[in-house]
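# Per-entry structural report
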Protein chains: 2
Amino acid sequence: MIACTTVTDTRALAESLLADIREATRDGLGVTRESYGKGENTALRILADKADELDLRHETDRAGNLWLSLPEDQRDAPYLVIGSHADSVPQGGNFDGLAGIVAGMLILVGLRGRHEDAPPVRVLALRGEESAWYGKAYLGSLSLLGKLPAATLARPRRDGLDTLSEAMTRCGADVAAIGRGEALIDIADIAAYLEVHIEQGPIMVNRGWPVALVTGIRGNVRHNLIRCIGESGHSGAVPRWLRKDALLAVAELLSRMDEHWRVLLQMGMDMVMTTGICSTSAQSHAVSVIPGEVAFSFEVRSQDTQTLERFYTLMREECAAIERARNVRFEFDDRLFTEPAIMDAGWLDRMEAVAAPGDKLERIASGAGHDAAVFANAGVPSGMVFIRNENGSHNPHEAMDIDDFLAGVALLQRSMLSV
Amino acid sequence: MIACTTVTDTRALAESLLADIREATRDGLGVTRESYGKGENTALRILADKADELDLRHETDRAGNLWLSLPEDQRDAPYLVIGSHADSVPQGGNFDGLAGIVAGMLILVGLRGRHEDAPPVRVLALRGEESAWYGKAYLGSLSLLGKLPAATLARPRRDGLDTLSEAMTRCGADVAAIGRGEALIDIADIAAYLEVHIEQGPIMVNRGWPVALVTGIRGNVRHNLIRCIGESGHSGAVPRWLRKDALLAVAELLSRMDEHWRVLLQMGMDMVMTTGICSTSAQSHAVSVIPGEVAFSFEVRSQDTQTLERFYTLMREECAAIERARNVRFEFDDRLFTEPAIMDAGWLDRMEAVAAPGDKLERIASGAGHDAAVFANAGVPSGMVFIRNENGSHNPHEAMDIDDFLAGVALLQRSMLSV
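What you see is a predicted model; the values in this text were computed from it and never measured. (Residues numbered from 1 in each chain as written. Chains lettered and ligands numbered in written order. Predicted model: local features only at pLDDT ≥ 70, side-chain atom pairs only at ≥ 80, totals over all residues. Heavy atoms only, no water.)

### Quick look at the interface of chain B and chain A
What counts is decided by this rule: Contact definition: two residues touch when any of their heavy atoms are within 4.5 Å. Using a 1.4 Å probe, buried area is obtained as the accessible area two parts lose upon being combined, added over both of them. Just to be clear on terms, a salt bridge is a Lys or Arg side-chain nitrogen sitting within 4 Å of an Asp or Glu carboxyl oxygen. Any pair of nitrogen or oxygen atoms within 3.5 Å is treated as a polar contact; in protein, a donor-acceptor pairing is required on top of that, and neighbouring residues in sequence qualify only through side-chain atoms on both sides. Under the scheme used here, helices are H or I runs from DSSP no shorter than 4 residues and strands are E runs no shorter than 2 residues, and both carry numbers assigned from the N terminus. Each residue receives one of three labels: charged for Asp, Glu, Lys and Arg, nonpolar for Ala, Val, Leu, Ile, Met, Phe, Trp, Tyr, Cys and Pro, and polar for the others, Gly being one of them.
Each side of the interface is counted separately: chain B has 52 residues, and chain A has 52 residues. Summed over both partners, the interface of chain B with chain A buries about 4400 Å², with 64% contributed by carbon and sulfur atoms. In this structure, R326 of chain B and D258 of chain A form a salt bridge, with 2.4 Å as the shortest nitrogen-oxygen distance. Put simply, chain B and chain A have 21 residue pairs in polar contact (both at pLDDT 80 or more) between them. Counting residues per element, the ones that place at least two in the side of chain B that touches chain A are α7 (203-207), β9 (219-229), α8 (246-266), β11 (272-274), β12 (278-280), β13 (289-290) and β14 (293-302) of chain B. Per element, the largest residue contribution to the side of chain B that touches chain A is 10 residues, and it comes from α8 of chain B. A per-class count over the side of chain B that touches chain A returns 23 nonpolar, 17 polar and 12 charged.

### As for the packing of helix α3 (residues 98-111) of chain A against helix α12 (residues 402-417) of chain A
Residues and elements named next belong to chain A. Threshold: Between the N-to-C directions of two axes lies an angle of 0 to 180 degrees, each axis being a line fitted to C-alpha atoms and, for a helix, fitted only over the stretch in contact. Each angle gets one of four labels, with under 35 degrees taken as roughly parallel, over 145 as roughly antiparallel, 65 to 115 as roughly perpendicular, and the rest as oblique. Crossings are classed by handedness, with left-handed meaning an anticlockwise turn of the near helix from the far one by less than a right angle and right-handed meaning a clockwise turn.
The N-to-C vectors of α3 and α12 enclose an angle of 50°; their axes lie 10 Å apart at closest approach. Classified by the angle between their axes, α3 and α12 sit oblique to one another. Remark: the crossing between α3 and α12 carries right-handed chirality. Where α3 approaches α12, its residues A99, V102, A103, L106, I107, G110 and L111 are matched on the opposing element by F405, L406, V409, L412, Q413, M416 and L417.

### Here's the deal with α12 of chain A
Residue and element names in this part refer to chain A. As a reminder of what qualifies: How far a helix is expected to stretch is found by multiplying one less than its residue total by 1.5 Å. Only protein chains enter the accessibility calculation, which uses a 1.4 Å probe; a residue is then buried when its area is under 20% of its type maximum, exposed when over 50%, and partly exposed in between.
The end-to-end C-alpha separation of α12 is 22 Å, in line with the 22 Å expected for 16 residues at 1.5 Å each. Along α12, the residues that are buried comprise I402, D404, F405, L406, G408, V409, L411, L412, Q413, S415 and M416. N-cap assignment for α12: the residue whose side-chain oxygen lies 2.8 Å from the backbone N of D403 is D401.

### Digging into the relation of the copies chain B and chain A
The condition that has to hold: A least-squares fit on C-alpha atoms brings the copies together, and the residues used are those whose pLDDT is at least 70 in both copies.
Taken as rigid bodies, chain B and chain A are interconverted by a rotation of 180° and an axial shift of 0.1 Å, the fit giving an RMSD of 0.1 Å. A rotation of that kind, with that shift, is consistent with a two-fold axis. Interface overlap between copies is the fraction of interface residues in one copy that are interface residues in the other; for chain B against chain A it reaches 100%, indicating a shared surface.

### Some thoughts on the pairing of strand β8 (residues 211-217) of chain B
All names here are of chain B. Rule in force here: Strand pairing is assigned whenever DSSP identifies at least 2 bridges connecting the two strands.
With seven of seven residues buried, β8 lies mostly within the body of the structure. Alignment of β8 against strand β19 (residues 382-387), held across three bridges, turns out to be antiparallel. Bridging from a neighbouring strand, V211 pairs with I387 of β19. Note: β8 against strand β18 (residues 362-366), four bridges, orientation parallel. Note that in β18 the partner of I217 across the bridge is S366. As judged from the two bridges shared by β8 and strand β17 (residues 341-342), these two strands associate in the antiparallel manner. Within the sheet, the bridge partner assigned to G216 lies in β17 and is I342.

### Structural notes on the packing of aromatic side chains
Inclusion rule: Between the rings of Phe, Tyr and Trp (Trp by its six-membered ring), a pair exists once the centres lie within 6.5 Å; its type follows the angle of the planes, with under 30 degrees stacked, over 60 edge-to-face, and the other angles tilted.
Within this structure, the stated rule accounts for eight aromatic pairs over all chains. Aromatic pair F298 of chain A and F311 of chain A: ring centres 6.5 Å apart, planes at 15°, arrangement stacked. Of the two residues, F298 of chain A sits in strand β14 (residues 293-302) while F311 of chain A sits in helix α9 (residues 305-326), which places them 13 residues apart along the sequence. Since its relative accessible area comes to 2%, F311 of chain A is described here as buried. Geometrically, the ring pair formed by W67 of chain B and Y79 of chain B is edge-to-face, given 6.4 Å between the ring centres and 90° between the ring planes. With W67 of chain B in strand β4 (residues 66-69) and Y79 of chain B in strand β5 (residues 79-85), the pair connects residues that are 12 residues apart, well separated along the chain.

Spelled out as structure tokens, the structure:
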């Protein structure tokens, strides 16, 4: 059977697939698709069933990820991969991940009858992208590329009742090979990794952009815990010049860094800075006691490693200056570093070139992580198309308009036909 | 019997009284003298016994406070009161309060044989100055002046096992009269209230001042809880211009107020500012989540009501400016106000005038509260002499040098003789 490729049928296929999987994985207001667990299995099974119905080939790799392709396309590698993930956070939204797999399926169907106009295409429904379940992201893509740290396999699930190794084994993954760091695929066979994903921030809604091109996926430098240590004292009896107020020291640090951030944005740099946790000591603080200690986190994200490193150094320098000025001391836990990933310039240009006349395609950085970062950092030319989405992500209120989605899919399809 | 007045005997009397009461109320490293309770009763009994030994008159008022005077001094009011408190915080230091009572006793003894050179003097050993036991300070002095709010009598002790009313009754206080707000003394009879007390901050140690004159007792304006409400969001995906970061808003507020404070000190104003409590929401904060809410306290203390009010208004104006600039909202709990107390200019000048030649007496504000504030705000001319003390107060490590103490006592005695 030859699948339909009219606009109406493409829309109907997308809507029914998204609705079927939402219904089958519903959990309260949202959906729950556990990494290497129940909801993810359900989503992958529905995708495989739909592939059968549409006469697409489907197979499962040794990391448990699902691959779809056109059976009539017998050409050799290199091939393009259109991928995204099938899992979700607990009570998350339906579109984060799933939309990118559905996009790939629509494109496969759309290539039917003219697949030789584009390079070979394979659709990859990845498992385990969300860190919410095992405290580690990109489980399916890292396993596939032989890059999952072996220790990750022993991580407990968030409820403590299972380990990743047990869950992966139940899903048919070759945990022994993954533990050895064996690549389960020849990366040289992949010409490019392409992903459609909802934006997880509010920029596109605010700017009025239905579709945008992703320039890179921000890496980050992070301290989960910095302690500023001063000296507590009577709030009435200690004058300003004898205080070692840990809170005013942290307030000054954050205000200085916030101001630097503002200036660096003006100068065109890509970055965001967040202190998500900040607290005086719950054991000993009081309204009339000068705070002797404050604990806080610090995170900077950027597409650019140099920006990350320099802003981090600037933060440490400001800490040193504040230590001298305010007689306090900063203590840092281990610094955590996640490498940024740059999307391929050739694919960015190609996607821009095939935009409909008059549609100016904007470029934005992805603040959240995506499997595309794993492929890009493994040397695979990678590209991402963001779809406008209201209300952020990781919550049941994600709201993607199907017209925006179809515009993004069409853009990606045209760019593949232009290769 | 006529008590000795030589320097050596005065020192020996002070040392033995302080040592006896420390020993009798010892609790671990420090002392514990519960307001209207065991340790305070012990201290007052030792003081009364010593009064008997020294042939001083002692009597107890209807609030349970102990009065000492020279039996040979038969002159009518008005009289000078030398007062301080006999209680301590749990495991506190020996000198906070007690030193002022001992000072009064030394002065009484010192006036023996020449009491007509000074106005009549009465020494007042007050109960219940520390708020640590019933959450309310100045219990003895407020009761004496008919100013204890009736509701205070129902307050539970910190261990919840007793009420103030029960404790006061056991100590012989006329709780009915106190509850009616009846003045237990004719305030017009008091010519002045004078108090010797250790400094509870580090200024005098740092400046090298053994003795200093107190200009006033700071009042304060306080909010126990201000909430800054912004909007939480993904730390990677929300750009600066769309953030409503509650923590950066509070950091900016505190940094601005800290800078205003620095400038106002330069301009000669008396004030201290403290945010003792500040925290992102422990239920929902995370390293990678923009803080949507921060809870914090705010306190400003000053000797000057106008400074308090204006700095408070400035703080509210900065909150309003930050609300507009950062799209956050500040919510305030009830504002609490404690009136400052001004020490009497005549007594300040008199004490300065009798300082030993070459001893420049410095003037400082008291950041902590004292019974002198109760008398001053009731219209009694009041004066305070601070004694240098290491390691703050309300802890077992208070360290007052006996030489400093005797210098302060001598100063007060000379000033009384100059009236």
